[in-house]
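Chain by chain, the residues run as shown.
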Amino acid sequence: MKGLLNSLAGLLLAACVAPNSGCAHMPGIGQYCLQPTTSAPAFAVRQQVSASFRDQREMLIADIENQPEALNFVGLTPFGLTVFQVNYDNHTAHAVRLPDSRLSPELMLGMLQLALWPADAVQRGLGNGAEVQDSPGVRRIVVNSQPVMELHHDDSPPPFRRMRIDWPALDMTLDIRALAEQDSP
C-alpha cells in the first residue's frame, strides 16, 4: 500500500495548496474545501478498500468515524498496521501519520467527503468549479459537462455497504465494502 500511496503522492504533489488551509486541489476537479462534520450524519465504519492506481493494486482497511466534533480516518494494512491517521476537528485537518509527506490531510479527508457527505455539502466544498450530480446509486462530479469522478453505490445509506469509485484523472479505481466485526484484521 505504501508504494501505491507514494505514487499517488507524486502525482498530487503539484496540486497542493497551503498546509492547514482546510482546502486541497483534487485532480481533474479543482479545489475542495473540507465541510463540517455536522454536514453528514454521525457514523463509524470499517471498510476493505481494493485500490487500483495505474498498474498497481493494493488493499487497505479503512476505519472511519464521523462525530459532530471530529472526523477520524485511519488506514491500516490487512494485517492491522497503521499506514496513515488523519483527523479534522472542524477547523484544522491534522495528520498523526502519513505514508508520504507530499500527501496532505486535507486531500485524504476531501476524497472521503466527496464520496460520503451529502451532495449539498460536497457542492459547497467544491464551489463553482464543479458540479455534484446525484441519482439513485450514482454520484458524479462533473467539470465542464464532463464526469471527472464517478461513484456507484448500493442502496444503503452512507457510508454504504458497497461502492466503487472511478477517478479517470488519477487513473484510479477504488472498490470498497463495509466489513463486519468478524471480518476485521
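Use the structure listed above.
Every value quoted in this text rests on a predicted model; they were computed, and no experiment measured them.

Procedures and definitions
- For every chain, the first residue of the written sequence is number 1, and numbering continues from 1 onward in sequence order.
- The predicted nature of this model means local features are confined to residues of pLDDT at least 70 and side-chain atom pairs, given and counted, to a pLDDT of 80 or more, with totals for whole chains, interfaces and linings taken over all residues.
- Side-chain figures throughout are based on the complete set of non-hydrogen atoms in the structure, without hydrogens or water.
- Note on conventions: DSSP H or I runs of at least 4 residues are helices, E runs of at least 2 residues are strands, and numbering of each starts at the N terminus.
- Two residues qualify as a contact provided that any one of their heavy atoms is within 4.5 Å of a heavy atom in the partner residue.
- Here, any two strands with at least 2 DSSP bridges between them count as paired.
- Only C-alpha atoms enter the line fits that serve as axes; for helices the fit covers just the stretch in contact. Angles between N-to-C directions range over 0 to 180 degrees.
- Relative accessibility thresholds used throughout: buried, under 20% of the residue-type maximum; exposed, over 50%; partly exposed, between the two (1.4 Å probe, protein chains only).
- Taking the helix axis as origin, the arc is that swept by the directions to the C-beta atoms.
- For our purposes a nonpolar core is just a set of buried Ala, Val, Leu, Ile, Met, Phe, Trp, Tyr and Cys residues, chained together by side-chain atoms within 4.5 Å.
- Any two of the Phe, Tyr and Trp rings considered here, Trp counted by its six-membered ring, make a pair once their centres fall within 6.5 Å; the pair's planes then place it as stacked at under 30 degrees, edge-to-face at over 60, or tilted in between.

Asker: Tell me about the overall build of the protein chain, and please be specific about residues and values.
Answerer: Within the protein chain, the secondary structure is distributed over three helices and twelve strands. Sequence separation of at least 24 residues holds for 47% of the intrachain contacts in the protein chain that already meet a minimum separation of 6.

Asker: Any details on the environment of Pro159? Residues and values, ideally.
Answerer: Within the secondary structure, Pro159 is located in the loop between strand E10 (146-153) and strand E11 (162-167). Among all residues touching Pro159, those that are not within four sequence positions of it are Phe43, Val45, Gln47 and Leu116.

Asker: Provide a residue-level description of the sheet that holds strand E4 (residues 56-67), including the pertinent values.
Answerer: What the ten strands build is an open sheet, ordered E7-E6-E5-E4-E3-E12-E11-E10-E9-E8; its pairing is antiparallel. One side of each edge strand has no neighbouring strand; the edge strands of this open sheet are strand E7 (93-97) and strand E8 (131-135). Neighbour to neighbour, the strand axes of the sheet diverge by 20° on average, direction disregarded. Of the strands in this sheet, strand E3 (43-53), E4, strand E5 (70-76), strand E6 (82-88), E7, strand E9 (138-143), E10, E11 and strand E12 (172-178) touch helix H2 (residues 105-116), which is tilted by about 75° from E6.

Asker: Describe the pairing of E12, and please don't skip the residues or the numbers.
Answerer: Where E3 meets E12, seven bridges bridge the pair, whose relative direction is antiparallel. Residue pairing in the sheet places Val49 in a bridge with Ile176 of E12. Sheet topology note: the E11/E12 ladder contains six bridges and is antiparallel. Each residue of the ladder has a partner; that of Met163, found in E12, is Ile176. Two successive antiparallel strands, E11 and E12, enclose a turn made up of four residues, where Asp171 displays a positive phi of approximately 55°.

Asker: Go over the pairing of strand E1 (residues 23-26) with me, naming the residues and quoting the values.
Answerer: Pairing between E1 and strand E2 (residues 30-33): four bridges, direction antiparallel. Bridging from a neighbouring strand, Cys23 pairs with Cys33 of E2.

Asker: Please give an account of helix H3 (residues 119-126) that cites residues and values.
Answerer: Quick reminder: α-helices carry 3.6 residues per turn. Residues three or four places apart thus point the same way. When H3 is considered as a whole, its buried residues turn out to be Ala121, Val122, Gly125 and Leu126. Down the axis of H3, the smallest arc covering the buried residues is 140°, so these residues share one side. Considering only its buried residues, H3 is in contact with E2, H2, E8 and E9. Remark: Gly127 follows H3 within two positions and exhibits a positive phi of approximately 70°.

Asker: Before we move on, can you summarise the environment of Ile141 with the specific residues and values?
Answerer: Looking at the secondary structure, you find Ile141 in strand E9. By relative accessible area, which is 0% here, Ile141 ends up buried. Sequence-wise, Ile141 and Leu151 are ten residues apart; in three dimensions their C-alpha atoms are separated by 8.7 Å. Residue contacts for Ile141: discarding those within four places in its chain leaves Ile29, Leu114, Val122, Leu126, Ala130, Glu131, Val132, Gln146, Pro147, Val148 and Met149.

Asker: Describe the side chain of Gln48, with residues and values.
Answerer: By the secondary structure assignment, Gln48 is in strand E3. For Gln48, a relative accessible area of 18% puts it in the buried group. In this structure Gln48 touches Met59, Leu60, Ile61, Asp175, Ile176, Arg177 and Leu179, once residues within four positions along its chain are discounted.

Asker: I'd like a rundown of the nonpolar core, residues and numbers included.
Answerer: Ile29, Leu114, Trp117, Leu126, Ile141 and Trp167 are the most contacted members of the largest nonpolar core, which totals 49 residues. Considering every element that reaches this core, the biggest residue donor is H2, with eight residues.

Asker: Can you explain the packing of aromatic side chains? Please cite residues and give values.
Answerer: Per the counting criterion, the structure on display carries two aromatic pairs. Judged by centre distance (6.3 Å) and plane angle (80°), the ring pair of Phe43 and Trp117 falls under edge-to-face. Within this pair, whereas Phe43 is found in strand E3, its partner Trp117 is found in the loop between H2 and H3, the two being separated by 74 residues in sequence. By the burial criterion, Phe43 is buried, and Trp117 matches it. Ring centres of Phe73 and Phe84 lie 5.0 Å apart, and the angle between their planes is 80°; this geometry places the pair in the edge-to-face category. Pair noted here: Phe73 is in strand E5 and Phe84 is in strand E6, with a separation of eleven residues, a long-range link.

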